[in-house]
Amino acid sequence: MQTSRLSQRQSGLPAELSSLVGRAAEIPAVFECLRTARVVTLTGPGGCGKTRLALRVAVLAEPGFGNGARLVELAPLTDPALVPASVAQALDVSERDMTTPTAGLARALADREVLVVLDNCEHVLEAAAGLVAELVAQCPRVRFLATSRERLDVPGEMVFPVPPLGLPEGASVRAVAASEAGTLFVTRARAASPAFALTDGDAAAIAEMCSRLDGMPLAIELAAARCPVLGPVQLAARLEGHPGLLSGGAARPERHRSLEALVSWSYDLLDEAEQRLLARLSVLRGRFDLEVAERVLGSEPLAPEAVVGLLASLAGKSLVQVQAGPVVRYWLLETVRQFAAGRLAASGEETAVHTWLLEWALEVARSADDALTSAERAGWSDRLTAGQASIRAALFWAFGGQEPEAGRELAARLARWWIATSRYSEAGQFLTTAASLPAPADPGLQARVLIGAAWSAFHLSDIRRAAPLAADGIACSQRAGEPQLEVGGRNLLARPGLARGRRGPDCRRNRSQPGYIRPGRSGSRGAGPGTAGRCGLLVGRPGRAGTAWPARDRARPDGVGPGRARPCADHMGNVRARRSGHPTCHSGRAR
Ligand SMILES: Nc1ncnc2c1ncn2[C@@H]1O[C@H](COP(=O)(O)OP(=O)(O)OP(=O)(O)O)[C@@H](O)[C@H]1O
Ligand SMILES: [Mg+2]
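Attention in this report is confined to the structure presented alongside it. (Residues numbered from 1 in each chain as written. Chains lettered and ligands numbered in written order. Predicted model: local features only at pLDDT ≥ 70, side-chain atom pairs only at ≥ 80, totals over all residues. Heavy atoms only, no water.)

### Overview of helix H19 (residues 424–435)
Think of an α-helix as 3.6 residues a turn; residues three or four steps apart then line up on the same face.
Next up, step 1: Along its 12 residues, H19 runs 15 Å from first to last C-alpha, staying within 8% of the 16 Å computed at 1.5 Å per residue.
Next up, step 2: Among all positions in H19, only Tyr424, Ser425, Glu426, Ala427, Gly428, Phe430, Leu431 and Ala434 are buried.
Next up, step 3: On its buried side, H19 packs onto helix H3 (83–90), helix H4 (101–109), helix H17 (377–402), helix H18 (404–420) and helix H20 (443–459). (Helix = DSSP H or I, 4+ residues; strand = E, 2+ residues; numbered from the N terminus. Expected span 1.5 Å × (residues − 1). Buried < 20%, exposed > 50% of the residue type's maximum accessible area, 1.4 Å probe, protein only. Contact = heavy atoms within 4.5 Å.)

### Structural notes on the sheet that holds strand S8 (residues 288–289)
Next up, step 1: Strand order across the open sheet formed by three strands is S8-S10-S9, with antiparallel pairing between neighbours. The two strands at the open ends of the sheet, each matched to only one other strand, are S8 and strand S9 (321–323).
Next up, step 2: In terms of strand pairing, S8 meets strand S10 (residues 329–331) through two bridges, oriented antiparallel. Looking at S10, one finds that Phe288 is bridged to Tyr330. (Pairing = 2+ DSSP bridges.)

### Brief notes about the pairing of strand S3 (residues 39–43)
Next up, step 1: Of all the five residues making up S3, five are buried; the element is thus mostly covered by neighbouring parts of the structure.
Next up, step 2: Residues Val39, Thr41 and Thr43 point to one face of S3 and Val40 and Leu42 to the other, with burial holding for every one of them.
Next up, step 3: Pairing of S3 with strand S6 (residues 142–148), which is carried by five bridges, proceeds in the parallel orientation. Residue Thr43 lies in a different strand from S6, and its bridge partner there is Ser148.
Next up, step 4: As defined by bridge partners, S3 adjoins strand S7 (residues 157–161) across five bridges and the pair is classed as parallel.

### Looking at the packing of aromatic side chains
For any pair of aromatic rings, the description rests on two quantities: the centre-to-centre distance and the angle between the ring planes.
Next up, step 1: Taken as a whole, this structure holds seven aromatic pairs when the rule is applied.
Next up, step 2: Geometrically, the ring pair formed by Phe399 and Phe430 is stacked, given 6.4 Å between the ring centres and 15° between the ring planes. With a gap of 31 residues between them, Phe399 in helix H17 and Phe430 in helix H19 connect regions that are remote in the sequence. Neither residue differs from the other here; Phe399 and Phe430 are each classed as buried.
Next up, step 3: When the centroid spacing of 5.9 Å and the interplanar angle of 85° are considered together, the rings of Trp455 and Phe458 count as edge-to-face. Placement of both Trp455 and Phe458 in helix H20 is noted, with a separation of three residues, approximately one turn of the helix. (Phe/Tyr/Trp six-rings, centres within 6.5 Å; stacked < 30°, edge-to-face > 60°.)

No statement about biological role is implied by the geometric values presented.
Written as structure tokens, this is what we have:
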């Protein structure tokens, strides 16, 4: 039985973290489906190997697509409305100037030849299906490979039910080694315990376990991960008594039941601290690093310092996935996360853990909001990007009735970043909710909400809403004494077409328009250092122009990140030169 692992290569898809076992028949079959159909959906219960199969096929098919292949992970999404924006982000399509994200995507992908892997569609099925149907109709060279527990049900879809791994045909070493399920067990047992060897004495127990676990890869991995402490015979004996895994033949439970039982069995074997951490981990979405896990989840009775050991222990039991790198990242497979979420709900800790998540998100967003006008903006933007799935979950929880005020502050603090990074749908959704709450005591927060909402409305072509939001936002910024925000609002209002409530050439940036604050590029990307400098000019304190200098010094030649500050800082230099003699303008370093 073959196991393989593709090496790291130039690809829009993630590298495989462990060897792939078998699937010799399925890989060419799905590949073929993809040749004939423009939408192929791999279906099957949680943990049956849909994602692994999809990614392997996508890697093989990628060279045939001029613009490559991209993975869109939908599992971390809590709101179907954000499906188009998530796809746009994964495909590097800016939401700028879109009537709707779907229409914008269709326009951007009209000429692209790309394979889009849509992973875990089941919980946003309708939204994913709607988007796929529209893009297939409008973008002739785009194909979709979706994974879902249910089919998408779109025209032209080809459904490929992912079968379980092949079971041993017999109880001998040979039969186990020749089967997919047996090979997966042995490979993972050896990874967990290098001394593990497949012997005559163990073969029958392994064959029996594979069959009890219905050839479900996730269940087999979880069982094999126990090999350092339990031999296959002991393991099989323990599984024997576990509810849900008992019956065989006609009474065999459905595959998802045996998986659920196995996840629950693995959970029951954890010690109390591991169980508690696993349950708490269910609130973190997407991939997270140790720092976030410690900060959010390391509360009584778990000490933050204990989290790293517990994570390693859960990873060793295949309950947590690990991606090595300069910053190691962790995540839960969706099946495990859902199980863990159920345990969290039963533990009585759910509200507390969500509150910690919200507190962490607020802390990061407040720091980032301040730092986004400094030379540290790229680092903070990267941190927000890395944590965005969990931050979104915190927003949903807050606005879902638990902590609307905190949700409003979180949205307000993220507004600048959302707009600067063209996350307009997300900004629009959360800031609109925030704006609908009674106004807060702090006008600075309201200004962030309103001006962010105005820009997102503008970019999503909801022009009629943009102007009044910007005007209200400017009034709030003035009350709050926050000139940077005011600049953002003014530059929006200075687009002449705005007042007429329609988009067109006259809505473009017009440098000669009265009220417009002369642009550095960051003026169109939120309030960067250049904007901070321009604010100084706006409010008659041109010395603020000096804030652009540190960023100018750190500017990268490729124009990425702080490099965006380069033209702004240069511009400020010009301003300073023009106004030479102005005492505060000399507060920046000499050129
Ligand atoms: N053929 C295979 N060889 C090796 N490992 C596999 C194989 N298929 C699946 N696995 C492993 O089993 C686990 C579950 O697989 P995967 O995540 O692909 O399941 P899934 O059907 O996508 O589940 P979900 O519905 O929860 O998203 C993963 O750890 C995966 O690496
Ligand atoms: Mg999956």
